[in-house]
Amino acid sequence: MGRAKSLPPTAGLTATAIRIPESAQLNLAYPASPQLFVHEGARQSLERRLNMASAGVPVALSISDNTAAMISHRYEGGILRVRLHHMFLDAPGEVQLALARYILRDDREASELLSRYIGSNGHRVMRRSRHIKLNPRGKHHDLFEIFQELNERYFDSEVDALVTWGKRSHSKLPVRQTIKLGSYSAAERLIRIHPVLDKGWVPRYFVASILHHEMLHHAIPETRESEGRAQLHPPEFRAREREFRNFERSLAWERGHIRRLLQAR
Ligand SMILES: [Zn+2]
């Protein structure tokens, strides 16, 4: 490995802040996020790409969920430490190459391309309010554990959404007419599961089926038909939904227990 010629004279801190378009600028505090799932293969492959472009300077790549530093880097002990928002992990090749040009050579064109990419991925920037407390571990079912199993089995561990039990309503409401067992907010990148499912009489596979459905909403963005109508469950969605091992069994369980779910508190 040759000596680095491109090392700056001051090998101290050289954090770079790229201009982030208005739409992606979110003034939020991010709590440490132990639930950021980073696809290790994708991280390694991008790290390799940066290493190939860095003229012998070893590059170490870490991934964050932090919008304050979408792209930052500093030299430390002869190593170029790069930290990137997770949206770059599955960025197209040209965007990843632009990253290398931007970080290593401060290339202006590359910077513009990156700004556009960040802008068009604004929906992936987590807008989680600092007040939402995640509560994935229920009394009977651990959503985090189920999520990880589903992620490995059906999604190549690539779903990096967050998951939580929804809030219980304490008031004495009349019996529900309908119930939304799960929801996915793309803006918050957050899956909420209705707390009535955190019961001993609700089988784990049923909770998993609801979670699986919401994970598909994260994995398959809604499509727009020609008239501009949103299609929440396009055919690909329905096909992948059926891949879930207990799909039919879950539907049958739901039919048999819908009354109990509507009454449950
Ligand atoms: Zn749905």
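Residues numbered from 1 in each chain as written. Predicted model: local features only at pLDDT ≥ 70, side-chain atom pairs only at ≥ 80, totals over all residues.

**Q** I'm lost on the overall build of the protein in this one. Help?
**A** For the protein, the count of helices and strands is seven helices and eight strands. Evaluated residue by residue, the protein yields a buried proportion of 26% over its 265 residues. Sequence-distant contacts in the protein: of pairs separated by 6 or more residues, those separated by 24 or more amount to 67%. (Helix = DSSP H or I, 4+ residues; strand = E, 2+ residues; numbered from the N terminus. Buried ≥ 20, exposed ≤ 12 C-beta atoms within 10 Å, placed from the backbone. Contact = placed C-beta atoms within 7 Å.)

**Q** Can you walk me through the packing of helix 1 (residues 40-53) against helix 2 (residues 93-105) in this structure?
**A** When two helices pack together, their arrangement is given by the angle between their axes and by how far apart the axes lie. One can describe the packing of helix 1 onto helix 2 by two numbers: an axis separation of 10 Å at closest approach and a directional angle of 50°. Compared by their axis directions, helix 1 and helix 2 come out oblique. Two packed elements cross with a definite hand, and for helix 1 against helix 2 that hand is right-handed. Side by side, helix 1 and helix 2 meet where Leu46, Arg49, Leu50 and Ala53 of the first sit next to Gln96, Ala100 and Leu104 of the second. Class assignment of the residues belonging to the contact of helix 1 with helix 2 gives a composition of five nonpolar, one polar and one charged. (Axes fitted to C-alpha atoms, helices over the stretch in contact; angles between N-to-C directions. Parallel < 35°, antiparallel > 145°, perpendicular 65-115°, else oblique. Left-handed = near helix turned anticlockwise from the far one by under 90°. Nonpolar A, V, L, I, M, F, W, Y, C, P; charged D, E, K, R; others polar.)

**Q** Would you mind showing me how to read the sheet that holds strand 5 (residues 182-185) here?
**A** In space, the three strands of this open sheet follow the order 4-6-5, with mixed pairing throughout. The sheet is open, and its two edges are formed by strand 4 (162-165) and strand 5, each paired on a single side. Within the sheet, the average angular offset between the axes of one strand and its neighbour, ignoring direction, is 20°. The sheet contact formed by strand 5 and strand 6 (residues 190-193) spans four bridges and is antiparallel. Bridging from a neighbouring strand, Tyr184 pairs with Ile191 of strand 6. Across the sheet, helix 5 (residues 204-219) touches strand 4, strand 5 and strand 6, and the angle it forms with strand 5 is around 20°. (Pairing = 2+ DSSP bridges.)

**Q** Whenever I open this one, helix 5 confuses me. Can you help?
**A** Since there are 3.6 residues in each turn of an α-helix, residues three or four apart along the chain are aligned in direction. End to end, helix 5 covers 22 Å across 16 residues, agreeing with the expected 22 Å (1.5 Å per residue, within 8%). Within helix 5, 12 of the 16 residues are buried, which leaves it mostly tucked inside the rest of the structure. Turning to helix 5, its buried residues are Phe206, Val207, Ala208, Ser209, Ile210, Leu211, His212, His213, Glu214, Met215, Leu216 and His218. On the buried face of helix 5, the contacting elements are helix 4 (143-155), strand 4, strand 5, strand 6, helix 6 (235-241) and helix 7 (247-263). (Expected span 1.5 Å × (residues − 1).)

**Q** Honestly, the nonpolar core in this entry has me stumped. Any pointers?
**A** The tendency in soluble globular proteins is for nonpolar side chains to be buried as a group. Within the largest apolar cluster, 23 residues are counted, with the highest numbers of intra-cluster contacts made by Val82, Phe88, Leu99 and Leu114. For this core, the secondary-structure elements that each account for two or more residues are helix 1, strand 1 (59-64), strand 3 (79-85), helix 2 and helix 3 (108-120). At five residues, the largest contribution of residues to this core is made by helix 2. When neighbours within four sequence positions are excluded, Phe88 is seen to be in contact with Leu46, Gln96 and Leu99. Among the nonpolar cores identified, the runner-up in size contains 22 residues, and Leu190, Ile191, Leu197 and Phe206 belong to it. (Core = buried A, V, L, I, M, F, W, Y, C linked by C-beta atoms within 7 Å.)

**Q** Is there a simple way to explain the pairing of strand 1 in this structure?
**A** Every other side chain in a regular strand lies on the same face of the sheet, so the side chains alternate between the two faces. With burial as the criterion, only one face of strand 1 is covered, namely that bearing Val59, Leu61 and Ile63; the residues Ala60, Ser62 and Ser64 on the opposite face remain uncovered. Here six bridges tie strand 1 to strand 3, and the two strands are oriented parallel to one another. From the neighbouring strand, Ser62 faces strand 3, where its bridge partner is Arg83.

**Q** Hey, could you run me through the confidence of the model for the protein in this one?
**A** Detailed reading of the predicted model is not advised wherever pLDDT is low. On average, the protein scores 79 in pLDDT, and the residues at 70 or more come to 76%. Mean pLDDT across the elements of the protein bottoms out in strand 7 (residues 223-224) (66) and peaks in helix 5 (96). A low-confidence stretch, residues 1-35 (pLDDT under 50), is modelled with 53 contacts involving residues beyond four sequence positions or located in other chains. (pLDDT = per-residue confidence, 0-100.)

**Q** Help me out: how do you make sense of the pairing of strand 2 (residues 71-76) in this one?
**A** Inspection of the sheet shows strand 2 paired to strand 3 by six bridges, in the antiparallel sense. Opposite Ser72, over in strand 3, you have Arg83 as the bridge partner. Here strand 2 hands over to strand 3 after two residues, with Gly77 in that stretch at a positive phi of 55°.

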